[in-house]
Amino acid sequence: EPIVMHGYTFTSPVGFREVCQAVRESAFETTNLPIIVSLEVHADLEQQDLMVQIMKEEWAGLLVERPFESCPLDRMPRLEELLNKILVKVKRATPKTESSATMSSLAPVPTIEDDCSGSEDERSSSSSIKKAKTLIGENLSSLGIYTHSEHFKSFESHAAKIPSHIFSVSELRILELHA
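Residues numbered from 1 in each chain as written. Predicted model: local features only at pLDDT ≥ 70, side-chain atom pairs only at ≥ 80, totals over all residues. Heavy atoms only, no water.

Quick look at the overall build of the protein now. The secondary structure content of the protein amounts to 7 helices and 8 strands. Counting over 179 residues, the protein shows a buried share of 34%. Within the protein, contacts between residues separated by at least 24 positions form 64% of all contacts whose residues are at least 6 apart in sequence. Surface exposure of the protein reaches about 11,500 Å², of which carbon and sulfur atoms provide 56%. (Helix = DSSP H or I, 4+ residues; strand = E, 2+ residues; numbered from the N terminus. Buried < 20%, exposed > 50% of the residue type's maximum accessible area, 1.4 Å probe, protein only. Contact = heavy atoms within 4.5 Å. Areas by Shrake-Rupley, 256 points an atom, 1.4 Å probe, with all protein chains shown as cover.)

Here the focus is the packing of aromatic side chains. In this description, a pair of aromatic rings is defined by centroid distance and the angle of the planes. Summed over the entire model, instances satisfying the criterion amount to 1 aromatic pair. Note on Phe68 and Tyr146: the rings are 5.9 Å apart at their centroids and 25° apart in plane angle, and the pair reads as stacked. Placement of the pair is Phe68 in the loop between α2 (45–58) and α3 (79–82) and Tyr146 in the loop between α6 (138–141) and β7 (148–150), with a sequence separation of 78 residues. (Phe/Tyr/Trp six-rings, centres within 6.5 Å; stacked < 30°, edge-to-face > 60°.)

Next up on the list: the pattern of salt bridges. The tally for this structure, following the rule as stated, stands at 9 salt bridges. Glu80 is paired through a salt bridge with Arg78; the nearest N and O atoms lie 3.4 Å apart. The exposure class assigned to Arg78 is partly exposed, which follows from its relative accessible area of 46%. Among the salt bridges present, the one from Arg173 reaches Glu176, with a minimum N-O distance of 3.5 Å. Of the two residues, Arg173 and Glu176 both sit in helix α7 (residues 171–178), 3 residues apart, roughly one turn of that helix. Accessibility expressed as a relative area gives 46% for Glu176, which makes it partly exposed. Three or more residues are tied together by salt bridges with common partners; here these are Glu1, Arg17, Arg24, Glu25, Glu57 and Glu58. (Salt bridge = Lys/Arg side-chain N within 4 Å of Asp/Glu carboxyl O.)

This next bit is on a nonpolar patch on the surface. Together, Phe155, Ile174 and Leu177 make up an exposed nonpolar region whose accessible area comes to about 280 Å². Inspection of the secondary structure puts Leu177 in helix α7. (Patch = residues over 30% accessible without salt bridge, like charges linked within 9 Å, V, L, I, M, F, W, Y side chains within 5 Å.)

This next bit is on the environment of His165. The topology assignment puts His165 in strand β8 (residues 165–167). We classify His165 as buried; its relative accessible area is 18%. Apart from residues no more than four positions distant in its own chain, His165 is found in contact with His148, Glu150, Ala159 and Ala160.

On to the sheet that holds β8. In spatial order, the strands read β3-β4-β7-β8; together these 4 strands make up an open sheet with parallel pairing. With one partner strand each, in any of the chains shown, β3 (35–38) and β8 form the two edges of the open sheet. Shown here is a sheet whose adjacent strand axes are inclined to one another by a mean of 35°, direction ignored. Inspection of the sheet shows strand β4 (residues 86–91) paired to β7 by 2 bridges, in the parallel sense. Its bridge partner lying in β7, Val90 is registered against His148. (Pairing = 2+ DSSP bridges. Axes fitted to C-alpha atoms, helices over the stretch in contact; angles between N-to-C directions.)

Note on placement: Glu58 falls in helix α2. Residues in contact with Glu58, not counting those within four places in the same chain, are Arg17, Cys20, Gln21 and Arg24.

Leu39, Val41, Met55, Trp59, Val88 and Leu140 are the most contacted members of the largest nonpolar core, which totals 21 residues. Going through the elements one at a time, α1 (16–26), α2 and β4 are the ones with two or more residues in this core. Among the elements that take part in this core, α2 stands out by supplying 4 residues, more than any other. Setting aside residues no more than four positions away along its own chain, Leu140 makes contact with Leu39, Val41, Gln48, Val52, Met55 and Val90. (Core = buried A, V, L, I, M, F, W, Y, C linked by side-chain atoms within 4.5 Å.)

Before going further, it helps to spend a moment on the confidence of the model for the protein. In this model, the protein carries an average pLDDT of 79, and 77% of its residues clear a pLDDT of 70 or more. Here residues 98–129 scores under 50 on pLDDT; set against residues more than four positions off or in separate chains, the count is 43 contacts. (pLDDT = per-residue confidence, 0-100.)

If you want it as structure tokens, here you go:
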């Protein structure tokens, strides 16, 4: 099963299922406000599918798996609709190309990423180094119902006007934008 790691720290890897169980057991002990679980995924498509299966099993009844029928796609649900719910923040699936469709689903397809993913240490050490990223599969991407991750380009971009986007922006970039 997939494991969860936090790069460049002294934390030990832990099983993805154990993390999901811990979230389920403690998520709503002190409040019924929704929880957003943000995923930075470096797993191949087979492991991503297993992650989806585990989340659906461990968070059954809590996980937002599809848009609410009472909520049109052009608006976010009301807070009352999300009480005691778990939302997954994940990047959207990369559109399939002819070359990626023929590649093995067991191997991540390396592409160049210049956004703000990775640890703060990675981002601050050298912003000019481009890192390979793992493509997000359709099954995992489909769980980003009201909370999909978007690469920040500008406040005027199309993504900035979609209610369900969440930008991941480094502290340095926020200070630049503020200035």
